[in-house]
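# Fold and contact review
So the chains spell out like this:
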Amino acid sequence: GAVGGKAVGKHGKTVSVWSAAEVSLDDRKKAAEELVRRVVGEKSAQAFKIEVVEKLPEAQDFFEIKETGATGDTGVILLRGSSGVAVASALNWYLRYDAHVDTSWNTPFPVSLQSPPPMPKKFTRRRAMVKWGYYENVCTFSYSQAWWQWERWEKEIDWMAMSGINLPLALTGQEYILHKVFTKLGLSQAVIDTFFTGPAFLAWNRMLNIKEWEGPLSMSWIQGQKNLQIKILDRERSLGMTPVLPAFAGGVPDEFSDKYPDVELKHHGNWGGFPEAKCCVSFISPTNKMFKEIGQMFISELRGVYGSDHYYSCDTFNENRPSASQGVGGLGYLTAASHAVFEAMRASDPDAVWFMQGWLFFNDKRYWKAPQLEAYLDGVPHGRLVILDLFTEVHPVWKRKDLARPTAIEKRPWIWNMLHSFGGNSGMYGRMHVISSDPVIAHQESQAMSGVGITTEGIEQNPAVYELMAEMRWHEAPIDPSTWLSLWAHRRLGPNASPARLEEARKAWDVIGKTVYSCPTLQMGQPKSMIECRPRMDLYTGYIANSDFMPIRRHYPDCKLVEAWKHLRAATLADSRGDDSYEPTPAALFDLVDVTRQVMSDAFARHFVNLVGYSQAHETNVLSRTHTNNLPAGNLKTYQDAVDRMELLQGIIMDLDKLMATQPLTLLGKWITDARAWGENEEESDALEANARNLLTLWGPRGEISDYASRQWSGLISGYYLPRWELFFKHLESVLKGGYTFDQANFARELLGFEQGWQDSKQADVDDEPAKPLGDARKIVEEIVAKYEKHIVETCAEDIYAEPLPPSPHSTGANPLEDQLAGRQR
């Protein structure tokens, strides 16, 4: 049953909306009206009339848009829907397709809407294809949202509602509950401090991968996150969303057994190559009766503070394989384990439903064969478990090729999700040809498919891909990506762009849609720029850590992106004749900068390969391994040519940094300023800054998961990536002069020294990390064109991958989990 308001005294401030079901029709309408005002501004909001109507419990959500009775000379736009989310989706549909206004991460709210707002072209009614629009991955809370305050969350929740998301993962503030439970169990603060990681790494602490790294958590952080979660939940529920809250996954501090010697603790295996003191988390086996007691306590405390909609997220074996050392007695253990996890939820909330990330069924499919899958899923009653197929756009587990149909997964409710980004990297990539049709086809094929969702690890990149994916909840038939992108091009440029500019933008997006955003292979994620990698002569082979998730090799012909870039410049840059007063929207500027960034990154890779080709031909000791194919040296013939090339490459990096400084979403300084703002005092702010720096760079004490979450952000490019390349070129220059053999091991040691030193830098002492955008994006792009276009165009047709590459001990065909256990994966 619902938790009563009387818990307030016991817990201090608690949520005011205990569950979405309790929100009255009137309050739902009020929440929708407030959202409209935030998104379009007070004045424009007067042109809208809002109606929220009840629907039958089994019916799907719907919305309607139509022009209705006039006020004075203008009509009124009626937005009618079955929930706050449905009304917000109607508003988004109107802004996209009637007003040509962008509503993505790149556009500040309130949006700029012409006055009076244009009337809808026609009556629109859309019915949701599926019940749920799901959002978020456990990792997103660290890779993107670690430092968000309420203001940024408020915008995201508005964006979620407008994107049809009604099932958000809501994990903020769970440490407040766990801290309370640990304290009630008699654990001291000193013991608790050995368990929690620092704020940037909580995602992996919650999934029982690591402990203590960059910790402890301060009480002010724990309390601040609790207060933030209360605001998040109140807003989400008022708009008709059903938040998925955390449940107890079993992790406890190592010293738990000092207090409870009779409770046998198990230990997860090594994760990510972390030192043992920071990983191998102790946990109570789900089959131990203490697990249920603590799990019940956790849910009870959680509901007392945050209320509950009966939906809980819990991952017990995420990148942690059940093993004999954990007391596995075969399949019976798996059934008992999942049964115990669910019973711990149900003991405190009789209506509990468990939402489980299905990542393990892909990531460790060698272990999770049909018998193991059936056994594990059988522990939970039907209808009480929903499986998030986390990576459906590349590797759907609901119909895994090695399993007989119907699979154990599709016998239960499951959700089709796009993962897309690992670590929130910057590279351009997408599978629009899949996401625009496969959710519809899967829904026709599997009656158990109950939702579509976005489960990316990091947001605020490749917005077109995310906007299309979110819209799929409102499509009951496949759509054509080219047609969709043509309309996208219009709203990115904005309603004031001339027909000639629109034509250029449409051409640009058509090329991007058919190449960069239609990855033809099963490539798992965005291409990683060499600029963000630890420099190595054989980088071009793509054998970098985590290359399964972020390959070096691009999945599109470089020249195609260069072609799109030319069109986009014609659409966005100032008109050379000076007779066009077009002012680009923030979205148009982001696109111009982002495509320029990718073109420059690709050019860097090609020019670096030529440098390696020259070095290989002139100095046999340059490459650390035996390579059979000779790389093209381009027009490099002399030592001076090679030195000039190194200067060109460093210039590309510096100009990229200047370019990215123009965009609000690509600033290291903002990330660090936001982290420091959570500190109660200078010392805590310094610790938070160290968290913020480490996650994006070394990701661990010695680079255990180095550059996994790399970004092409201003400040990071100039302050971290550039010095690494400068150091590398210094070594290479000496080698080419004939001074000595290139010693990769020696270079790597020197490099780690620099990287570890950078972790301790303080924002106050660094000049090149602006927290606010600087410079004129259009001017900087024009400078880049003048300086580099020749270098970009003359090499863009070069394809070093036409020949088979040499074999490598790091074959990317390896099993992701095996690699990860060996310390190569995240």
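Residues numbered from 1 in each chain as written. Predicted model: local features only at pLDDT ≥ 70, side-chain atom pairs only at ≥ 80, totals over all residues. Heavy atoms only, no water.

Owing to its 3.6 residues per turn, the α-helix aligns residues three or four sequence positions apart on the same side. Given a rise of 1.5 Å per residue, 21 residues ought to cover 30 Å, and the 29 Å separating the end C-alpha atoms of helix α26 (residues 716–736) matches this to within 8%. With 16 of 21 residues buried, α26 is to be regarded as a mostly interior element. Within two residues after α26, Gly738 carries a phi angle of roughly 95°, on the positive side. (Helix = DSSP H or I, 4+ residues; strand = E, 2+ residues; numbered from the N terminus. Expected span 1.5 Å × (residues − 1). Buried < 20%, exposed > 50% of the residue type's maximum accessible area, 1.4 Å probe, protein only.)

For the rest of this paragraph, the subject is the sheet that holds strand β6 (residues 167–168). Taken in spatial order, the 8 strands make up an open sheet running β6-β5-β14-β13-β12-β11-β10-β7, and their pairing is parallel. Each edge of the open sheet carries a strand with a single partner, namely β6 and β7 (245–246). (Pairing = 2+ DSSP bridges.)

With respect to the helices, strands and loops of the structure, Ser163 is situated in the loop between α6 (150–162) and β6. Within polar-contact distance, the side chain of Ser163 engages the backbone oxygen of Trp159 at 2.7 Å. Beyond its immediate chain neighbours, meaning those up to four positions away, Ser163 contacts Ser89, Asn92 and Ala470. (Polar contact = N/O pair within 3.5 Å; in protein donor to acceptor, adjacent residues only side chain to side chain. Contact = heavy atoms within 4.5 Å.)

For Pro557, the position within the fold is in the loop between α20 (499–514) and α21 (558–572). Residue classification places Pro557 among the partly exposed positions, given a relative accessible area of 48%. Taking the C-alpha atoms as reference, Pro557 lies 48 Å from Val76; in sequence the two are 481 residues apart.

What follows concerns the nonpolar core. Counting residues in hydrophobic clusters, the biggest one holds 280 residues, and the most contacted among them are Phe48, Leu95, Trp204, Phe608 and Trp699. Considering every element that reaches this core, the biggest residue donor is helix α22 (residues 586–618), with 14 residues. When near neighbours in sequence (up to four residues on either side) are disregarded, Phe608 contacts Met530, Arg536, Met537, Leu539, Leu649, Trp725, Phe728 and Phe729. (Core = buried A, V, L, I, M, F, W, Y, C linked by side-chain atoms within 4.5 Å.)

Taking burial as the measure, the 6 residues of strand β14 (residues 449–454) include 6 buried ones, the bulk of the element. Both strand β5 (residues 132–135) and β14 contribute to a ladder of 4 bridges, which runs parallel. Note that in β14 the partner of Tyr135 across the bridge is Ile454. The pairing of strand β13 (residues 414–418) with β14 spans 5 bridges and is parallel. Note that in β14 the partner of Met418 across the bridge is Ile454.

Glancing now at the pattern of salt bridges. Under the counting rule described, the total for this entry stands at 53 salt bridges. One salt bridge connects Asp378 with Arg412, and the closest N-O pair in it is separated by 2.8 Å. Separated by 34 residues along the polypeptide, Asp378 in the loop between α15 (370–377) and β12 (385–389) and Arg412 in the loop between β12 and β13 bring together distant segments of the chain. For Asp378, a relative accessible area of 46% translates into the label partly exposed. Asp655 is the partner of Lys787 in a salt bridge, and the nearest nitrogen-oxygen pair spans 2.8 Å. (Salt bridge = Lys/Arg side-chain N within 4 Å of Asp/Glu carboxyl O.)

Next up on the list: helix α19 (residues 481–493). Over its 13 residues, α19 runs 18 Å from end to end, which matches the ideal 18 Å to within 8%, given 1.5 Å per residue. Of all the residues in α19, the buried ones are Pro481, Trp484, Leu485, Trp488, Ala489, His490, Arg491, Arg492 and Leu493. Close packing links the buried residues of α19 with α4 (84–97), α16 (432–435), α18 (463–471), α20, α21 and α22. Positioned one or two residues after α19, Gly494 has a phi angle of 95°, which is positive.

Put simply, helix α2 (residues 25–40) and α6 touch, their axes get as near as 11 Å, and they point 110° apart. Relative to α6, α2 is oriented roughly perpendicular. On the side of α2, the interface is formed by Leu35, Arg38 and Val39, while α6 contributes Glu154, Asp158, Ala161 and Met162. When the residues that make up the contact of α2 with α6 are grouped by side-chain class, the tally is 4 nonpolar, no polar and 3 charged. (Axes fitted to C-alpha atoms, helices over the stretch in contact; angles between N-to-C directions. Parallel < 35°, antiparallel > 145°, perpendicular 65-115°, else oblique. Nonpolar A, V, L, I, M, F, W, Y, C, P; charged D, E, K, R; others polar.)

If you trace the backbone, Thr124 turns up in strand β4 (residues 124–127). Excluding residues within four positions of it along the chain, Thr124 makes contact with Phe63, Glu64, Ile65 and Trp93.

Turning next to a positive patch on the surface. Positive charge collects at one region of the surface, where Lys365, Arg366, Lys369 and Lys401 lie side by side. With respect to the element layout, Lys401 can be found in the loop between β12 and β13. (Patch = residues over 30% accessible without salt bridge, like charges linked within 9 Å, V, L, I, M, F, W, Y side chains within 5 Å. Areas by Shrake-Rupley, 256 points an atom, 1.4 Å probe, with all protein chains shown as cover. Lys, Arg positive; Asp, Glu negative; His and termini not counted. Charge placed at Lys NZ, Arg CZ, Asp CG, Glu CD.)

When pLDDT is averaged along the protein, the result is 92; 92% of the residues meet or exceed 70. Here residues 324–328 scores under 50 on pLDDT; set against residues more than four positions off or in separate chains, the count is 13 contacts. (pLDDT = per-residue confidence, 0-100.)

Attention shifts here to the pairing of β13. For β13, a buried count of 5 out of 5 residues is recorded, marking the element as mostly surrounded by other parts of the structure. Neither face of β13 is left uncovered, since the one carrying Trp414, Trp416 and Met418 and the one carrying Ile415 and Asn417 both have all their residues buried. Direction of pairing for β12 relative to β13: parallel, over a ladder of 3 bridges. Along β13, the bridge assignment pairs Leu388 with Ile415.

This part covers the packing of aromatic side chains. As enumerated under the stated definition, the model contains 59 aromatic pairs in all. Ring geometry for Tyr135 against Trp159: centres 5.5 Å apart, planes inclined by 55°, an arrangement best described as tilted. Of this pair, Tyr135 sits in strand β5 while Trp159 sits in helix α6, placing them 24 residues apart in sequence. Through successive ring pairs, a cluster of aromatic residues spans Tyr143, Phe201, Trp204, Trp213, Trp271, Phe274, Trp699 and Tyr708. Positioned above the aromatic ring of Trp474 is the side chain of Arg473, whose terminal nitrogen or guanidinium carbon lies 5.0 Å from the ring centre. Between the NZ or CZ atom of Arg491 and the centre of the ring of Trp484, over which it lies, the distance is 5.2 Å. (Phe/Tyr/Trp six-rings, centres within 6.5 Å; stacked < 30°, edge-to-face > 60°. Lys NZ or Arg CZ within 6 Å of the ring centre and 35° of its normal.)

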